[in-house]
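Residue strings, one per chain:
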Amino acid sequence: ARGARVVAVTGSTGKTSTKDILAALLGASLRVAASPANHNTEIGLPLALLAAPGDVEVLVLEMAMRGSGQIAQLTAIAEPDVGVIVNVGPAHLELLGSLEAIAAAKAELIAGLAPGASVVVPAGEPLLAGHLRADVEVLTFGEQADVSLTERGPDGSVRISDRGQEILLRPSFQQAHNLLNLLAAVAAARALGHTPEGRLEVSFSSMRGQRLDLAGGVVLIEDCYNANPMSMRAAIEDLAATAAGRMVAVLGDMLELGAQSPRLHREIGEHARAGGVSLLLAVGPQAVEMSAAFAGEVHSVPDARAAAELLPRLLRDGDTVLVKGSRGVGLEQVVASMRAREADGAAPVPAPSAGAERR
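Residues numbered from 1 in each chain as written. Predicted model: local features only at pLDDT ≥ 70, side-chain atom pairs only at ≥ 80, totals over all residues. Heavy atoms only, no water.

K.L.:
Mind showing me how you'd approach the overall build of the chain here?
P.N.:
Helix and strand counts for the chain stand at 13 helices and 17 strands. Principal-axis analysis of the C-alpha atoms gives the chain an extent of 65 × 45 × 40 Å. For the chain, with 359 residues in total, the buried portion stands at 53%. Taking the intrachain contacts of the chain between residues at least 6 apart in sequence as the baseline, contacts between residues at least 24 apart amount to 66%. Accessible surface computed for the chain: about 15,000 Å², of which carbon and sulfur atoms make up 50%. Distance from the positive charge centre (30 side chains) to the negative charge centre (40 side chains) of the chain: 2 Å. (Helix = DSSP H or I, 4+ residues; strand = E, 2+ residues; numbered from the N terminus. Buried < 20%, exposed > 50% of the residue type's maximum accessible area, 1.4 Å probe, protein only. Contact = heavy atoms within 4.5 Å. Areas by Shrake-Rupley, 256 points an atom, 1.4 Å probe, with all protein chains shown as cover. Lys, Arg positive; Asp, Glu negative; His and termini not counted. Charge placed at Lys NZ, Arg CZ, Asp CG, Glu CD.)

The following block contains the structure:
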């Protein structure tokens, strides 16, 4: 991959989806290699570099972070021409202690860029403002930004403005959080001198928002890869924007949030109810706090296996079901169980009269 330009993508949430979108944007006209799955650590990123074909023109690499110093190490390895910070949010609070510390860890990407490189950041993010550099080109995305969404067409097309230049795309997705990720990806493409246009088909990495059609018009949204307060809110908002019938949320613990975990879980329970969720199935000891703050029908279970057993009894025809939690909760068991029931032709069973905690 000698001579290839490198884009490094990090963020508290959405970095894998942004990587997938950017790879698709560039892949229409350039030879692109992207980090497979979540090869985003001090082991995975070098493996992604080594696996890239010799004739690749652009490498799109994802960078993960749990503590300080890790992004700096990955930046030194990758030597990016363009850095992308998708957002700064309360993931890994347990290790880093504050949003300011999380922002500083993400901003190691900015510090590690060579003079003359470019960085893409959310517009108006005060946590990153003090980390920007005069010798690195800064591109902002979002509202009132260098790259912003100006119009959504009825045919699914989106019109994007890049400092006055219009870009028209027809993405294969419509979720609000992924359209924001699209803006970040367009900014990165433009930083490379590439102007994308036309149809955009994106194959997202597994367990990130795929929709599964089940019997009785039930739609299952599989978003089990990870969860933090930002991604939980985005997923609930996507559920509210797309559900045709009753909204059901199967939400698991959000891990690594430290002392603020109870409050952050309660806020998700409140957000789910405010967003129109009718039924909440809370999974795990920390998710109990969501139950306490949710003013609708609630069932609380200790683990993914119990959730998989209970969920079919709660569903009605036409429900749209979001399944989301931190990776350690293993909520893909719930999705696998629903797939297996579908394959067996099993119908929903009546709700139990006792068992899981309910109100």
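K.L.:
Quick question: what am I supposed to make of the packing of helix 9 (residues 229–242) against helix 10 (residues 261–274) here?
P.N.:
Helices that pack against each other are described as a pair by the angle of their axes relative to one another and the distance between those axes. Packing of helix 9 against helix 10 brings their axes to within 10 Å, and their N-to-C directions diverge by 10°. The orientation of helix 9 relative to helix 10 falls into the category roughly parallel. Judged by residue contacts, Pro-229, Met-232, Arg-233, Ile-236 and Glu-237 of helix 9 engage Leu-264, Glu-267, Ile-268, His-271 and Ala-272 from helix 10. Tallied by class, residues from the contact of helix 9 with helix 10 come to six nonpolar, one polar and three charged. (Axes fitted to C-alpha atoms, helices over the stretch in contact; angles between N-to-C directions. Parallel < 35°, antiparallel > 145°, perpendicular 65-115°, else oblique. Nonpolar A, V, L, I, M, F, W, Y, C, P; charged D, E, K, R; others polar.)

K.L.:
Would you take a moment to explain unusual backbone geometry for this structure?
P.N.:
Note: most residues except glycine have negative phi, and most peptide bonds are trans. The phi dihedral of Glu-79 is positive, around 50°, even though this residue is not glycine. With relative accessibility at 62%, the residue Glu-79 sits in the exposed group. For Gln-144, which is not glycine, the phi dihedral falls at a positive 50°. If you trace the backbone, Gln-144 turns up in the loop between strand 6 (137–141) and strand 7 (147–152). Exposure remark for Gln-144: the relative accessible area of 85% places this residue in the exposed category.

K.L.:
Please clarify how a nonpolar patch on the surface should be interpreted in this entry.
P.N.:
Residues Ile-43, Leu-47 and Leu-50 make up a contiguous nonpolar surface patch of roughly 350 Å² in combined accessible area. Within the secondary structure, Leu-50 sits in helix 2 (residues 44–51). (Patch = residues over 30% accessible without salt bridge, like charges linked within 9 Å, V, L, I, M, F, W, Y side chains within 5 Å. Salt bridge = Lys/Arg side-chain N within 4 Å of Asp/Glu carboxyl O.)

K.L.:
Just checking my understanding: could you explain the nonpolar core for this structure?
P.N.:
Soluble globular proteins tend to bury their nonpolar side chains together. Counting residues in hydrophobic clusters, the biggest one holds 34 residues, and the most contacted among them are Val-7, Ile-21, Val-84, Val-120, Ile-160 and Leu-182. Elements supplying a minimum of two residues to this core: strand 1 (5–10), helix 1 (15–27), strand 3 (58–62), strand 4 (82–85), strand 6, strand 8 (158–162), strand 9 (165–171) and helix 8 (176–191). Residue contributions to this core peak at nine residues, all from helix 8. (Core = buried A, V, L, I, M, F, W, Y, C linked by side-chain atoms within 4.5 Å.)

K.L.:
How do you make sense of the pattern of salt bridges when you look at a structure like this?
P.N.:
Oppositely charged side chains can pair when the atoms bearing their charge come close. Summed over the entire model, instances satisfying the criterion amount to 19 salt bridges. With its nearest N and O atoms 3.7 Å apart, the salt bridge here joins Glu-267 to Arg-233. Highlighted residues: Glu-267 in helix 10 and Arg-233 in helix 9, separated in sequence by 34 residues. One salt bridge connects Glu-332 with Arg-327, and the closest N-O pair in it is separated by 2.9 Å.

K.L.:
Would you explain helix 9 in this entry?
P.N.:
In an α-helix, one turn spans 3.6 residues; hence positions three or four apart end up facing the same way. For helix 9, which comprises 14 residues, the first-to-last C-alpha distance of 20 Å matches the rise-based estimate of 20 Å (1.5 Å per residue) to within 8%. Burial in helix 9 covers these residues: Pro-229, Ser-231, Met-232, Ala-234, Ala-235, Ile-236, Asp-238 and Leu-239. Its side-chain oxygen 3.0 Å from the backbone nitrogen of Met-230, Asn-228 forms the N-cap of helix 9. (Expected span 1.5 Å × (residues − 1). Polar contact = N/O pair within 3.5 Å; in protein donor to acceptor, adjacent residues only side chain to side chain.)

K.L.:
How do you make sense of the packing of aromatic side chains when you look at a structure like this?
P.N.:
Centre-to-centre distance and the angle between the planes together describe a pair of aromatic rings. Counted by the stated rule, this structure contains zero aromatic pairs. Between Arg-273 and the ring centre of Phe-294, over which it is positioned, the NZ or CZ distance is 5.6 Å. (Phe/Tyr/Trp six-rings, centres within 6.5 Å; stacked < 30°, edge-to-face > 60°. Lys NZ or Arg CZ within 6 Å of the ring centre and 35° of its normal.)

K.L.:
Would you explain the side chain of Ser-231 in this entry?
P.N.:
Note that Ser-231 resides in helix 9. Of the residues examined, Ser-231 reaches a relative accessible area of 9% and is grouped as buried. Those residues in contact with Ser-231 that sit more than four places away from it in its chain are Thr-13, Asn-226 and Lys-324.

K.L.:
Help me understand the confidence of the model for the chain in this model?
P.N.:
Caution applies to low-pLDDT parts of the model: their predicted coordinates are not meant to be read in detail. Residues of the chain with pLDDT of at least 70 account for 92%, and the chain-wide mean is 88. Segment residues 348–359 is flagged for pLDDT under 50; beyond a separation of four residues in sequence, or across chains, it makes 25 contacts in the model. (pLDDT = per-residue confidence, 0-100.)

K.L.:
Whenever I open this one, the pairing of strand 9 confuses me. Can you help?
P.N.:
Working note: regular strand, side chains alternate between the two faces of the sheet. As defined by bridge partners, strand 8 adjoins strand 9 across five bridges and the pair is classed as antiparallel. For Arg-159, the partnering residue across the bridge sits in strand 9 and is Leu-168. Taken together, strand 9, helix 8 and strand 10 (residues 198–200) form a β-α-β motif whose crossover is left-handed. (Pairing = 2+ DSSP bridges. Right-handed = clockwise from strand over helix to strand, strands pointing away.)

K.L.:
Looking at this model, I keep getting lost on helix 13 (residues 332–344). Mind explaining?
P.N.:
With 13 residues, helix 13 extends 18 Å from end C-alpha to end C-alpha; this agrees with the ideal 18 Å at 1.5 Å per step. Looking at the buried residues of helix 13, the elements they touch are strand 12 (219–223), helix 12 (304–314) and strand 16 (320–324).

K.L.:
It is not clear to me how the environment of Leu-127 should be interpreted in this structure. Could you clarify?
P.N.:
One can find Leu-127 in helix 7 (residues 126–129). Each C-alpha atom, one on Leu-127 and one on Gly-89, is 9.9 Å from the other, the two residues being 38 residues apart in sequence. Residue contacts for Leu-127: discarding those within four places in its chain leaves Val-88, Leu-99, Glu-100 and Ala-103.

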